[in-house]
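A look at the structure
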Amino acid sequence: MTARDRVFQQHRPLILSLAYRMLGSWTDAEDAAQEVWLRWRSTQDTIASPRAYLSTIAARVCLDLIKSAYRRREKYPGPWLPEPVADPVPDPLERTEQISYAFLVLLETLTPAERAVFVLREAFDAGYPEIARLLDLSEANCRQILKRARDRLAAGRARFAPDTARCTTLMQAFFQASAEGDTAAIERMLHEDAVFTGDGGGKAPAAMRPVMGPERIAKLMAGLGRLAPADLRVKWITVNGGAPAMVAWSGGAVITLGLCEFEGDRIRRVFFIRNPDKLERFRAIFDASSDS
């Protein structure tokens, strides 16, 4: 491995961290890191600050990718959800609240420019002159964009959520009630403004639009419980910096990853990721010797 290779590998976690926040997909983040690597290899310049140089390249690569990604999501079959990442998530920035799953979902409500400005400023502490150069905007415009992004994100955040242990207990009770078809118990666990969102990507059965309200969600969850395959196996893991997640296996493949967002002790958002492209990384937790 050359000295240049070692420098890139040292900074690769930082590049992935930026790209994952920008793109909401670990697969796309790895593609971005590969593009940064190719550009890094091709330069013959002496770089005084590799971290700053590589971060700038990564930001430019992600700016190109995020625009095309948003266009693809407009044509996506049904809702698009971010790709979850099993813990431990390599995050040299140590700002795990900004890679929490619920927060990544919120980032999807921003425009590409808002998302870029927010990530560069809040996660990477980039200065307004640098952000303005990257986005070809004025500094004043970047400040306005950041304010809009902050306001929008603040409006969508849960005001209070229990700790991880409590979340896990509540989620396990929720999925147990779903398996038993206990719609009354399911409704009691749901916030009055609860929303269920499923992502099948056109490759697995999933709700084609969000399901809103405790009664409708309870009926859906009970129905899914009745349709559960006989060989279903379930594991509990944490993703994206500590969020409990249910991973379901059937027929030799991971078929669902379920997460919840809480408002107090009530579930406000239910996320079901069923697109197999976003689940393949979780296959390793189901080996031949693991217990069901």
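What comes next concerns the included structure. (Residues numbered from 1 in each chain as written. Predicted model: local features only at pLDDT ≥ 70, side-chain atom pairs only at ≥ 80, totals over all residues. Heavy atoms only, no water.)

In spatial order, the strands read E2-E1-E6-E5-E4-E3; together these 6 strands make up an open sheet with mixed pairing. For this open sheet the edge positions go to strand E2 (211-212) and strand E3 (233-239), each flanked by a neighbour on one side alone. Note that strand E4 (residues 243-250) and strand E5 (residues 253-263) share 5 bridges and pair antiparallel. Considered in E5, the bridge of Val-247 is made with Leu-257. The strands that helix H10 (residues 214-226) touches are strand E1 (190-199), E2 and strand E6 (266-273); relative to E1, the one it contacts most, it runs at about 45°. (Pairing = 2+ DSSP bridges. Helix = DSSP H or I, 4+ residues; strand = E, 2+ residues; numbered from the N terminus. Contact = heavy atoms within 4.5 Å. Axes fitted to C-alpha atoms, helices over the stretch in contact; angles between N-to-C directions.)

Turning our eyes to something else, we now look at the packing of helix H3 (residues 50-74) against helix H5 (residues 112-123). Orientation of H3 relative to H5, taken along the N-to-C sense of each, is 145°, at an axis distance of 10 Å. Once H3 is placed against H5, the crossing between them reads as right-handed. Residues Ala-59, Leu-63, Ile-66, Tyr-70 and Arg-73 of H3 form the contact with H5, whose own contacting residues are Pro-112, Arg-115, Ala-116 and Leu-120. Taken together, the residues that form the contact of H3 with H5 break down as 7 nonpolar, no polar and 2 charged. (Left-handed = near helix turned anticlockwise from the far one by under 90°. Nonpolar A, V, L, I, M, F, W, Y, C, P; charged D, E, K, R; others polar.)

Our next topic: the packing of aromatic side chains. For the structure shown, the criterion picks out 10 aromatic pairs. Centre to centre, the rings of Trp-249 and Phe-286 are 5.2 Å apart; their planes meet at 25°, and the pair counts as stacked. Of the two residues, Trp-249 is situated in strand E4 and Phe-286 in the segment after E6; the sequence distance between them amounts to 37 residues. As far as burial versus exposure is concerned, Trp-249 and Phe-286 are alike and both buried. The ring centre of Trp-40 lies 4.4 Å from the NZ or CZ of Arg-4, which sits over that ring. When the ring centre of Trp-80 is taken as origin, the NZ or CZ atom of Arg-73, which lies over that ring, is 3.6 Å away. (Phe/Tyr/Trp six-rings, centres within 6.5 Å; stacked < 30°, edge-to-face > 60°. Buried < 20%, exposed > 50% of the residue type's maximum accessible area, 1.4 Å probe, protein only. Lys NZ or Arg CZ within 6 Å of the ring centre and 35° of its normal.)

In this model, helix H8 (residues 164-180) (17 residues) spans 24 Å end to end at C-alpha, consistent with the 24 Å of a helix rising 1.5 Å per residue. Taken residue by residue, H8 has Cys-167, Leu-170, Met-171, Phe-174, Phe-175, Ala-177 and Ser-178 as its buried positions. Taken end-on, H8 shows its buried residues confined to a sector of 155°, consistent with a single buried face. Facing away from the buried surface of H8 by more than 90 degrees, the exposed residues are Ala-165, Ala-179 and Glu-180. Just downstream of H8 lies Gly-181, where phi reads positive at about 70°. (Expected span 1.5 Å × (residues − 1). Arc of directions from axis to C-beta.)

This brings us to the nonpolar core. Met-22, Val-36 and Phe-118 are the most contacted members of the largest nonpolar core, which has 53 residues in total. Mapped onto this core, the elements with two or more residues apiece are helix H1 (3-23), helix H2 (26-42), H3, helix H4 (101-107), H5, helix H6 (128-135) and helix H7 (139-156). Discounting chain neighbours no more than four positions away, the residues touching Val-36 are Phe-8, Ile-15, Leu-54, Ile-57, Ala-58 and Val-61. One finds Leu-170, Ile-186, Val-270 and Phe-272 within the second-largest nonpolar core, a separate group that totals 23 residues. (Core = buried A, V, L, I, M, F, W, Y, C linked by side-chain atoms within 4.5 Å.)

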